[in-house]
Amino acid sequence: MGGTKDGTASDGLVVEERGGDLLAVCFTAMAGPCELLLPASDRADARELGGLVAREAWRVEQKYSRYRSDSVLAWLHSHRGGNVVVDEETALLLDFARTCFMMSDGLFDITSGVLRGAWTFDGSDRIPAPAVIEGLLPLVGFDKLEWQSPRLMLPAGMELDFGGLGKEYAVDRAYDILADCRSAAFLINFGGDLRANRPPPCGVWQVGVERPDSDREAVLLLELEHGALATSGDSRRFLLKDGIRYGHVLNPRTGWPVVGAPRSVTVAASSCTEAGLLSTLAMLQGSGAQAFLAEEGVRHWVLL
Amino acid sequence: MQLKPETGTVRRRLIAASCTLLTASSARAQEIAKLLADIEKTDWHLDSALAYYHEDGRIMAVEPVVNLSRDYGDGGRIGLNFTFDALSGSSPNGALPSRAPQTFASPSAKSLSTARHTYTTGPGQLPVDPNYSDARVAVGGEWQLPLTRLTRTSVGGKFSYEDDFLSASVDASIEHDFNQKNTTVSVGVSDENDQLHPIGGTPVPGSDYLLFEKTGHKSKNGVGTLLGVTQVMNRHWLAELNLSADRFTGYLNDPYKIISVLDGSGGMTGYLYENRPDARTRRSVYLDNRVGWNRASAALSLRYMTDDWGVRSKTAQLRVRLWLDGKNQYVEPTLRWYRQTAADFYTPWISSLAGQGPAYASSDSRLGAFRALTYGVKYGMKLDERTGRTGSEFSIRAEYYRQTVENAVAAPGALQGLDLYPGLQAFLIQVGFSY
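Cut-offs used in this document
- Residues numbered from 1 in each chain as written.
- Chains lettered and ligands numbered in written order.
- Predicted model: local features only at pLDDT ≥ 70, side-chain atom pairs only at ≥ 80, totals over all residues.
- Heavy atoms only, no water.
- Helix = DSSP H or I, 4+ residues; strand = E, 2+ residues; numbered from the N terminus.
- Buried < 20%, exposed > 50% of the residue type's maximum accessible area, 1.4 Å probe, protein only.
- Contact = heavy atoms within 4.5 Å.
- Areas by Shrake-Rupley, 256 points an atom, 1.4 Å probe, with all protein chains shown as cover.
- Polar contact = N/O pair within 3.5 Å; in protein donor to acceptor, adjacent residues only side chain to side chain.
- Salt bridge = Lys/Arg side-chain N within 4 Å of Asp/Glu carboxyl O.
- pLDDT = per-residue confidence, 0-100.

Draft legend 1. View of the overall build of chain A. If you tally the helices and strands in chain A, you get seven helices and 15 strands. Residues classed as buried in chain A amount to 56% of the 304 residues present.

Draft legend 2. Looking closely at the overall build of chain B. Summing up its helical and strand segments, chain B has three helices and 23 strands in all. Here chain B holds 435 residues, and the buried ones make up 39% of them. Summarising the internal contacts of chain B: among those between residues at least 6 apart in sequence, 61% fall at separations of at least 24. On chain B, roughly 22,500 Å² of surface is accessible, and the fraction owed to carbon and sulfur atoms is 57%.

Draft legend 3. Seen up close, the side chain of Ser 363 of chain B. Residues and elements named next belong to chain B. Relative to the helices and strands, Ser 363 is located in the loop between β20 (349-351) and β21 (370-382). Exposure remark for Ser 363: the relative accessible area of 9% places this residue in the buried category. Of note is the side chain of Ser 363, whose polar atom sits 2.8 Å from the backbone oxygen of Gly 94. Here the side chain of Ser 363 touches Ile 258 through a polar contact of 3.1 Å, landing on its backbone oxygen. Excluding residues that lie within four positions of it along the chain, Ser 363 makes contacts with Gly 94, Ile 258, Ile 259, Glu 274, Tyr 346, Thr 347 and Pro 348.

Draft legend 4. Looking closely at the pattern of salt bridges. All names here are of chain A. Taken as a whole and assessed by the stated rule, the structure comprises 33 salt bridges over all chains. Of the charged contacts, one joins Asp 161 and Arg 116 as a salt bridge, the two residues approaching to 3.0 Å between their closest N and O atoms. Of this pair, Asp 161 sits in the loop between β6 (151-153) and α5 (163-181) while Arg 116 is found in the loop between α3 (88-103) and α4 (130-136), placing the two residues 45 residues apart along the sequence. What makes Arg 116 partly exposed here is its relative accessible area of 34%. Salt bridges here are not isolated pairs; linked through shared partners, they connect Glu 56, Arg 59, Lys 63, Asp 87 and Glu 89.

Draft legend 5. Looking closely at the confidence of the model for chain B. Residue and element names in this part refer to chain B. Per-residue confidence for chain B gives a mean pLDDT of 85; residues scoring 70 or more make up 90%. Mean pLDDT values over the elements of chain B span from 47, in helix α2 (residues 26-40), up to 95, in strand β19 (residues 329-340). Throughout residues 1-6 the model reports pLDDT below 50, and contacts reaching past four residues in sequence, or to other chains, amount to 14 contacts. Across the interfaces of the predicted complex, the ipTM metric reaches 0.78, alongside a pTM of 0.56.

Draft legend 6. How the structure looks around the confidence of the model for chain A. Residues and elements named next belong to chain A. Scored by pLDDT, chain A has a mean of 85; 91% of the residues are at 70 or more. In the model of chain A, strand β12 (residues 238-241) stands out as the element of lowest mean pLDDT, 70, in contrast to strand β7 (residues 187-190), which has the highest, 94. Scored below 50 in pLDDT, residues 1-7 shows 16 contacts in the model against residues more than four places distant or in partner chains.

In structure tokens, the structure reads:
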């Protein structure tokens, strides 16, 4: 992906030329590379539009980051045990998370983050003791929250993590902002989760899906006219013990990694949030991922 | 525990849930986007249009309009507009057709016999002044500035100049958002001052046309108030209700309009200058509904106006915009229906038998009862990609207007069979460009 670079300006954006007569505005958000792709046009305009997208990504990141002390998430964690009123956007996300929790029978759970305390997927064979996991399970379960929009009581010891939907949500948010002020083709790509409004003049958007364990080598080249794609992957994070590969996708009900999950699942849907949830739910089915996707009748690509 | 009770269940529920998530918070996101866009957009925005207006067999007008506006990041906005009108053609002078030729003097004349320009209307024809021409230059400005996060105020002024007419007006309004910016209430006042310098002097209202009783310049004043409520009903529907009232006092006549005086058999015995009351109070209610979907939007507006001259008018307008080619082009058909009752003193002619004439009288068809239909269509093409600026657009609009006189009074004797109420047809073509 050669091309001329403008160099990173003080606004954190880099404008690059891409093949197929495209311009890319690149920035970093949510710990990964993000970009806005546009048919080649004025660079200043591209930068301006990229700014809208980046600011929205940074806003969502800042608000729901697990790593920032000034995030809404940190604020919620600091008020554990108390009854708090959350803002409208957070309330909508919590409602959405509850719907996903219930419809997946507890497999998709934004309170499962505490389990990470027991698992470190560093490629080693250090499997946690079952007792440690047993001890954490009482702190997992969306149904243990007292959530009646807009009031939330997060019990002591529990954690919320919007990581499972934050990036996809940010793509959709940024998409809406851009769609309101631009009718010409664009594609928003936040680290592989992407959404396009319409095909570019050159025909279709070509999207490469990386093979999770090979460094940045696109093995799957997809063509997209419009709509969203999201990928859930087992990536490079795993443990290996006694010939069993423990991927990083945890079943919140058992506290153990899902067995037989594919390396990556890519799903096409109308919104990135929807695509992301479907791919995550497919991963959580483990070896049943493909059957699940076929059952749901969505376009999907699975790397085993 | 399996996730597959039936095909696509999870997906369907997910679509519904993500729809709720994404659309409900989108109003907020839009607000943020607008805020950001405002910060970035400190360039002047240009809106220009050139209109060609043609009244069937009468007036032709060419009107270029230029609007310039600039948004400041803090919600402040400055708008300037320039209009130039060039009208030419023939304008009805208010008299009725007759079986015999009729001769009139151009307005500048001091008497019919010494008039340098006279015009003669043939038998059965509607008398029109064929030398009608006028040029108007108008400039206006508006300055909006935020007072608080939810309150804005705006002041504006307009100045318009014609050879025989000068108008200056100022207005001020204040707007406040309530209910998480879903409701906006605005209150406004305006003041207008007009000076009339009719060519050849101002006729004495109700005086005999042949006596050429003229005085110097005249003026009229108007004050108006407006109360408006705009409500976001939901993501797709915006409603606006306006109540307004205004009162004009002073010389409210059209100085070039006369009325035929007829005897009992329909014979033309002379003409009088029209004579309107020197005050007019109007009240109106206006309701506008705008709905928008992804590929189409529609606006339905209804207006009811009543005044103390006895004119009551109703307007209904429907405009539908259909987006084509993504959102790069649109077609916008318009249908407008209008109906008004006549002013109490409207009369197509005055009877010479009545002895003393009526206190007030005008034969101006704009004060008579009529209904009108306008059919229009507009085509627009977004030029954002070509110009590299959002909001760039080329548009072309065509409208056809047809006015039909209502409650026409039957003509006496000799005038029977003549078309006394020809109505009006007009068409308009406008080409617009925004950048």
